[in-house]
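Okay, here's what each chain looks like letter by letter:
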Amino acid sequence: MILIVSCLLVLVYVLLIYAYTRGWRSQPDLVLHDRDDVFISVIVPARNEQDNIGRCIDAILAQQYPADQFEIIVVDDHSEDDTAAVVNRYAGSNVRCINLAEHIAPGKVNAYKKAALAAGIAVSRGALIVTTDADCIAPATWLSSIVSIYRQENAVMIVAPVIYSADNSVLQIFQLIDFMSMQGITAASRVLNLGNMCNGANL
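The text that follows walks through the structure, step by step, so that each part is easy to find.

Calculation notes
- Residues numbered from 1 in each chain as written.
- Predicted model: local features only at pLDDT ≥ 70, side-chain atom pairs only at ≥ 80, totals over all residues.
- Heavy atoms only, no water.
- Helix = DSSP H or I, 4+ residues; strand = E, 2+ residues; numbered from the N terminus.
- Buried < 20%, exposed > 50% of the residue type's maximum accessible area, 1.4 Å probe, protein only.
- Contact = heavy atoms within 4.5 Å.
- Areas by Shrake-Rupley, 256 points an atom, 1.4 Å probe, with all protein chains shown as cover.
- Lys, Arg positive; Asp, Glu negative; His and termini not counted.
- Charge placed at Lys NZ, Arg CZ, Asp CG, Glu CD.
- Salt bridge = Lys/Arg side-chain N within 4 Å of Asp/Glu carboxyl O.
- 1 Å grid on protein atoms, 1.4 Å probe; cavity = no way out; pocket = protein on both sides within 12 Å on 5 of 7 lines; lining within 4 Å.
- Points joined across faces, edges and corners; volume = space filled by probe spheres on them.
- Nonpolar A, V, L, I, M, F, W, Y, C, P; charged D, E, K, R; others polar.
- Polar contact = N/O pair within 3.5 Å; in protein donor to acceptor, adjacent residues only side chain to side chain.

**Some remarks on the overall build of the protein chain**
A tally of helices and strands in the protein chain yields six helices and four strands. Across the protein chain, helices and strands are ordered from the amino to the carboxyl terminus as α-β-α-β-α-β-α-β-α-α. Its C-alpha atoms put the protein chain at 65 × 40 × 40 Å along the principal axes. The buried share of the protein chain, taken over its 203 residues, is 35%. Across the protein chain, every contact between residues at least 6 apart in sequence was considered, and the portion connecting residues at least 24 apart equals 73%. When the accessible area of the protein chain is evaluated, it comes to approximately 12400 Å², of which 57% is carbon and sulfur surface. Taken together, the 13 basic and 20 acidic charged side chains of the protein chain have centroids lying 8 Å from each other.

**A look at the pattern of salt bridges**
Oppositely charged side chains are able to pair whenever their charged atoms sit close together. In the structure shown here, the tally under the stated rule is four salt bridges. Note that glutamate 71 and arginine 96 form a salt bridge whose closest N and O atoms lie 3.5 Å from each other. Taken together, the residues glutamate 71 in strand β2 (residues 70–76) and arginine 96 in strand β3 (residues 95–99) connect sequence positions 25 residues apart. For glutamate 71, a relative accessible area of 4% translates into the label buried.

**Digging into the layout of surface pockets**
Of the voids in this model, the second largest pocket is the one considered here, and its volume is about 210 Å³. With four residues, the single largest contributor to the lining of the second largest pocket is strand β4 (residues 128–131). Class assignment of the residues belonging to the lining of the second largest pocket gives a composition of 12 nonpolar, one polar and no charged.

**Looking at helix α2 (residues 53–61)**
Buried residues of α2: Ile53, Gly54, Cys56, Ile57, Ala59 and Ile60, and no others. If you follow the buried residues of α2, they end up packed against β1 (40–46), β2, α3 (83–88), β3 and α5 (142–153).

**Focus on the side chain of asparagine 202**
Along the polypeptide, asparagine 202 turns up in the segment after α6 (170–191). There is a polar contact of 2.9 Å between the side chain of asparagine 202 and the side chain of tryptophan 142. The residues touching asparagine 202, leaving out its near neighbours within four places in the chain, are Thr131, Trp142, Ile146, Ile158, Val159, Ala160, Pro161 and Val162.

So this is what it looks like as structure tokens:
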């Protein structure tokens, strides 16, 4: 009996991996568009991220996308360090910091990160809302790629990947491979209409 159940489980697993492989290979190729007339609001929730937020903002400001076509809204989520001060050093650019505490009723929030995203979206001007995390470093083509997908697929929601950096330790390499396999399943599931998973660090 155990052998039969084991064989059935292996068969189901093989069929599932086969389906995911088909879904992955069925994804349309991305065609980069030259048009950059979509105004984007990049929302970055941040709590005690003074050591990371500067690098995150610098990477977004270095995008191969016109600076007058996007804004960066950092939502300071009750930080106890100098996160807000670091963000405010970018005054004069298309970066602003809002204080989450000024946008929510005290004691009525269970999910502060979601509340931070909602607060950022509420004050945004973008036709396209993009979210990321304060400890993420975006590649230079990040926003232009998102706009290309937005135009190519007339997308309502864009679920994009996140890549962890890893040192050479066995544990971190294993975690990286495991996380990347979840990214592949996410993409394949979307193509196969098997449901959606997403990561707010690239959404």
